[in-house]
Amino acid sequence: MTIKNIKDRNLILFEAISGSRAFGLATENSDTDIRGVYYLPKEDFFGLNYLPQISNETNDITYYEIGRFVELLQKNNPNILEILASPEECVQHKNRLMDILKPDDFLSKLCKDTFAGYAISQIKKARGLNKKILNPIDKERKSILDFCYILKNQSSVPLKKWLSENEKVQEKCGLVNMNNTKGIFALFYNETGDLHYKGIIQNEDANQVSVSSVPKEEKSIAFLFCNLDAYSAYCKDYREYWKWGSERNEDRYNVNQTHGQNYDSKNMMHTIRLLQSCEQIFKTNSLQICVENRDELLDIKTGN
């Protein structure tokens with residue numbers, strides 16, 4: 001099931017321009033986000049083709065299955081309430097059945113938690129940019145060897161340094177698990193290579209060290225510790241950093257670099273917008289998503 005499928009089959013119930021253009025916060029560089037609602041015929045809904053939502057690759061366009069849409073409305077999900085409260089000028093298609101659903105019928109005290117929760121998530125995202133700016137990760141990816149250490153007396157030595165100082169290569173090493181320990185191995189070395197040890201790793205992309213079959217009469221020359229937890233955390237950070245680097249909005253990134261506040265100011269703009277929307281709901285018992293303080297919010301977005 002794709003966006004094209006639901007459009008070709010005329011399953012769209014609602015479609016509207018969303019995001020900054022609906023909030024009245026669009027600038028010349030703003031994207032156009034589309035949000036909508038669709039239904040599924042019985043054979044798809046009860047069969048193997050049920051999908052609660054469908055998005056394009058960049059998530060600029062997202063449609064929600066009507067059952068899922070109502071479920072999220074009942075939970076006072078801010079994004080979903082904002083779709084239903086789309087200004088008339090932003091609505092591109094609306095089936096008359098959607099007139100049954102009115103934002104005011106779903107607003108409840110839950111908004112205190114959901115809108116505040118979303119605001120907190122925006123703060124976390126804003127701080128996340130600070131982490132990426134202040135802690136860049138080299139493009140050249142580290143291998144698991146960079147997280148291995150040789151235990152020596154009461155300290156440890158990085159494996160690569162130990163190999164260099166002792167004129168040894170990892171390909172001629174053999175590792176054997178140590179009983180009742182985690183991440184610690186006995187290290188053996190075969191200068192001639194006739195024992196066919198597997199090496200510490202078999203290739204640079206290995207996600208764990210290799211263990212070898214070692215003759216009982218062989219004696220270990222060192223003990224190796226592999227910090228697999230640190231390596232896993234590094235791999236996660238590496239993926240996230242370079243995914244962010246390849247997908248980031250350069251205009252947005254440059255604005256954040258220019259104002260020098262070390263946070264993503266667009267996220268902070270949405271933090272304030274969400275809190276003001278929640279305050280408005282409790283004061284007026286309704287949700288109006290087109291803001292009345294555009295200049296103030298854009299000042300926050302630009303870091304002023």
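Up top is the structure these notes are about.
Residues numbered from 1 in each chain as written. Predicted model: local features only at pLDDT ≥ 70, side-chain atom pairs only at ≥ 80, totals over all residues. Heavy atoms only, no water.

Caption draft 1: Focus on the layout of surface pockets. Approximately 270 Å³ is the volume attributed to the second largest pocket. Considering the residues around the second largest pocket, the lining is formed by 14 residues, among which Q276, S277, Q280, E292 and N293 are closest to the centre. Counting residues per element, the lining of the second largest pocket draws most heavily on helix α10 (residues 265-284), which supplies seven residues. A breakdown of the residues in the lining of the second largest pocket according to their chemical character gives four nonpolar, six polar and four charged. (1 Å grid on protein atoms, 1.4 Å probe; cavity = no way out; pocket = protein on both sides within 12 Å on 5 of 7 lines; lining within 4 Å. Points joined across faces, edges and corners; volume = space filled by probe spheres on them. Helix = DSSP H or I, 4+ residues; strand = E, 2+ residues; numbered from the N terminus. Nonpolar A, V, L, I, M, F, W, Y, C, P; charged D, E, K, R; others polar.)

Caption draft 2: Layout of a nonpolar patch on the surface. Together, F45, F46 and Y50 make up a nonpolar patch on the protein surface, roughly 330 Å² of accessible area in all. When you line up the elements, F45 lands in helix α3 (residues 42-45). When its relative accessible area of 36% is taken as the criterion, F45 is described as partly exposed. (Patch = residues over 30% accessible without salt bridge, like charges linked within 9 Å, V, L, I, M, F, W, Y side chains within 5 Å. Areas by Shrake-Rupley, 256 points an atom, 1.4 Å probe, with all protein chains shown as cover. Salt bridge = Lys/Arg side-chain N within 4 Å of Asp/Glu carboxyl O. Buried < 20%, exposed > 50% of the residue type's maximum accessible area, 1.4 Å probe, protein only.)

Caption draft 3: Helix α11 (residues 294-301), seen in detail. Taken residue by residue, α11 has L297, L298 and K301 as its buried positions. Projected down its long axis, α11 shows its buried positions confined to an angular sector of 100°, all on one face. Phi for G303, located one or two positions after α11, is positive at around 85°. (Arc of directions from axis to C-beta.)

Caption draft 4: Geometry of the sheet that holds strand β8 (residues 173-177). In space, the five strands of this open sheet follow the order β7-β6-β10-β9-β8, with antiparallel pairing throughout. Looking along the sheet, the strands with just one partner apiece sit at the ends: β7 (155-158) and β8. Within the sheet, the average angular offset between the axes of one strand and its neighbour, ignoring direction, is 40°. Here strand β6 (residues 148-152) runs beside β7; their pairing, made up of four bridges, is antiparallel. Note that in β7 the partner of K152 across the bridge is S155. (Pairing = 2+ DSSP bridges. Axes fitted to C-alpha atoms, helices over the stretch in contact; angles between N-to-C directions.)

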